[in-house]
Amino acid sequence: MAQVTHTITNPAGFTRERGEPLLCYRRWREAIAGDEALLLVEFQLQRYWLEAGEPVELTAIYYAHGATLHIAVTDQLLTGDGLGPRQQYLRWVAQHRLLSFEPSTPVGLNPQHIEKPWGREIWFTGVERRGVCMFASGDACTPIPWLQAVLPSAAAGPPGVALLLLKILDPLPQPVLGDLYFELHETKREVYVVTHIDRRAWSDGTAYIRSGFDPQRIAQYQDHGEFRAAYLESVLAYETLRRELDDLVEGGGTPDPAQRARELLLRERMDSFTQLHPLRVGDVFQIPPLLPHALQHGVRVVEFQTPSYERKIISFAQKVITQDQWDSREAVARMLLRGPAMVAPRKLRSPPGVTVEQIVDFPDFEVQRLALDPGMQWQVASGSNYALLLVVTGILELAGSRY
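All values derive from a computational prediction rather than experimental measurement.

Along the chain, E121 turns up in strand β8 (residues 119-123). Looking at E121, its side chain comes within polar contact range of the side chain of K167, at 3.3 Å. Those residues within four positions of E121 in sequence are excluded, and the remaining contacts are Q112, H113, I114, K116, K167, I168 and L169.

As structure tokens, this is what we get:
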């Protein structure tokens, strides 16, 4: 962002500057003491989530009255109406449907629905080229990185730093069609919490995730190198046929019975190397870097993950539309064969009527699960940074708002 270049006090009673929002804000706040005042800061925000993305011109709006501070940010042109600071701030907020944020108070998130070949993802905090999630209140919303750039504290996360990625994976209930990519991540940590299992897909309520490899199958080979080579051979054979079938369908054709039978044979041969782990509602499944995994159809999970967007696709039983080729050779050479054992969440000390479980405690983030009896209260501490709260079932009242 540019440094401060000028300061103009407008006849309408507000100050307009151009420069780095937080620097302008701190200088202005010291100057106004406890008086009621309004500050506008024009600035450029680099859209770091886009490759070679052009910066966007924004205006931060700060309204202060004593210890009270309200903040908004917009890409709209703002002109004064000759009103006092508070009335002018409220006029702009209403006129441009801006989210008005007060530090130390909760703010909602507006989910983004991302369609996938296997179903959909519902993002709450994603910021990348496929979509940017919003902070929201009613029909007012603001892109997450916009608000982060103008806040005097890290209440919404530090400027230019992605939030912990919170989303829901919602696969289709049909076998194969609703199975996710078999993939791994080089640096990203993921945690799945199972919230729903479709009984049309899994009548007994037990679903599965494909994760790691079958120990008995590994034992059939002299060493892990031989096992990896055999598995890679089965993947490449399936990929070759997969591409032929995808090209056939794109050209308007239909696979004949012999092609369908061969597809099933090669897919089952490839999958026979892997291992399926059972999942039930409430289960927690941790996925460390380099562990191949694929959530299966009809099982919905809340996912928490390191906010990086890298992956290596090993295989997929449909056409991959997000990239031109699979990453099988590179991934198989580096992948973990076995993941960590599932560990039950650790219960933390809490009063009667409140259950608090530590789901994970990673170096870069932690996740807790809360269960409150009706009428019970719990103090959620976010420390020096931010906390994300997702209501899975029931109704929760937080700081005067209902979720």
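Picking up after the structure, the text goes on.
Judged from the 7 bridges that link them, strand β23 (residues 354-361) and strand β24 (residues 366-372) form a sheet pairing that is antiparallel. Looking at the pairing, D361 lines up with E366 of β24. In textbook terms, the turn of a hairpin is the stretch between consecutive antiparallel strands, and for β23 and β24 this stretch comprises 4 residues.

This paragraph deals with the packing of helix α5 (residues 224-250) against helix α6 (residues 257-271). Where α5 contacts α6, the two axes come as close as 9 Å, and the packing angle between them is 150°. For the element pair α5 / α6, the angle class is roughly antiparallel. Pair α5 / α6 crosses with left-handed handedness. From α5, Y231, S234, V235, A237, Y238, L241, R242, L245 and L248 reach across to α6, where they touch Q259, R262, E263, L266, R267 and M270. Partitioning the contact of α5 with α6 into residue classes produces 9 nonpolar, 2 polar and 4 charged.

Turning our attention to the sheet that holds strand β11 (residues 134-137). The pairing of strands in a sheet comes from backbone hydrogen bonds and takes either a parallel or an antiparallel form. If you walk across this open sheet you meet the 3 strands as β6-β11-β12, and the pairing is antiparallel. Taken across any chain shown, the strands that pair with only one partner, and hence form the sheet edges, are β6 (108-110) and β12 (140-143). With strand direction ignored, the average angle separating the axes of adjacent strands in the sheet is 40°. In the sheet, β6 pairs with β11 via 3 bridges, with the strands oriented antiparallel. Looking across to β11, one finds that N110 is bridged to M134.

Moving on to the pairing of strand β7 (residues 112-116). Pairing between β7 and β8: 5 bridges, direction antiparallel. In the sheet register, I114 faces β8, and the bridge partner there is E121. From the end of β7 to the start of β8, which pair antiparallel, there are 2 residues.

So, on to unusual backbone geometry. Within the chain, S104 stands out as a residue other than glycine whose phi angle is a positive 80°. Relative to the helices and strands, S104 is located in the loop between α2 (85-95) and β6. A relative accessible area of 72% places S104 in the exposed class. Located in the positive-phi region is V176, a residue other than glycine, with phi close to 70°. Residue placement: V176 occurs in the loop between β13 (165-171) and β14 (182-184).

What follows covers a nonpolar patch on the surface. On the surface, L370, L372, M376, W378, V380 and L389 cluster together to form a nonpolar patch covering roughly 450 Å² of accessible area. Relative to the elements of secondary structure, M376 occurs in the loop between β24 and β25 (397-398). Since its relative accessible area comes to 34%, M376 is described here as partly exposed.

So, about the packing of aromatic side chains. Evaluation of the coordinates by the stated rule reveals 16 aromatic pairs. With a centroid separation of 4.3 Å and 45° between ring planes, the pair formed by Y181 and F316 is classed as tilted. One end of the pair, Y181, is in the loop between β13 and β14; the other, F316, is in the loop between β21 (312-315) and α7 (328-334), and 135 residues separate them in sequence. The pair formed by Y181 and F316 is uniform in burial state, with each residue classed as buried. One aromatic cluster is present, formed by F182, F213, Y221, F227, Y231 and F273 through successive ring pairs. Against the face of F362 rests R189, its NZ or CZ located 5.1 Å from the ring centre. The residue whose ring lies beneath R311 is Y181, and the NZ or CZ to ring-centre distance is 4.5 Å.

Rules used in this analysis
- Residues numbered from 1 in each chain as written.
- Predicted model: local features only at pLDDT ≥ 70, side-chain atom pairs only at ≥ 80, totals over all residues.
- Heavy atoms only, no water.
- Helix = DSSP H or I, 4+ residues; strand = E, 2+ residues; numbered from the N terminus.
- Polar contact = N/O pair within 3.5 Å; in protein donor to acceptor, adjacent residues only side chain to side chain.
- Contact = heavy atoms within 4.5 Å.
- Pairing = 2+ DSSP bridges.
- Axes fitted to C-alpha atoms, helices over the stretch in contact; angles between N-to-C directions.
- Parallel < 35°, antiparallel > 145°, perpendicular 65-115°, else oblique.
- Left-handed = near helix turned anticlockwise from the far one by under 90°.
- Nonpolar A, V, L, I, M, F, W, Y, C, P; charged D, E, K, R; others polar.
- Buried < 20%, exposed > 50% of the residue type's maximum accessible area, 1.4 Å probe, protein only.
- Patch = residues over 30% accessible without salt bridge, like charges linked within 9 Å, V, L, I, M, F, W, Y side chains within 5 Å.
- Areas by Shrake-Rupley, 256 points an atom, 1.4 Å probe, with all protein chains shown as cover.
- Salt bridge = Lys/Arg side-chain N within 4 Å of Asp/Glu carboxyl O.
- Phe/Tyr/Trp six-rings, centres within 6.5 Å; stacked < 30°, edge-to-face > 60°.
- Lys NZ or Arg CZ within 6 Å of the ring centre and 35° of its normal.

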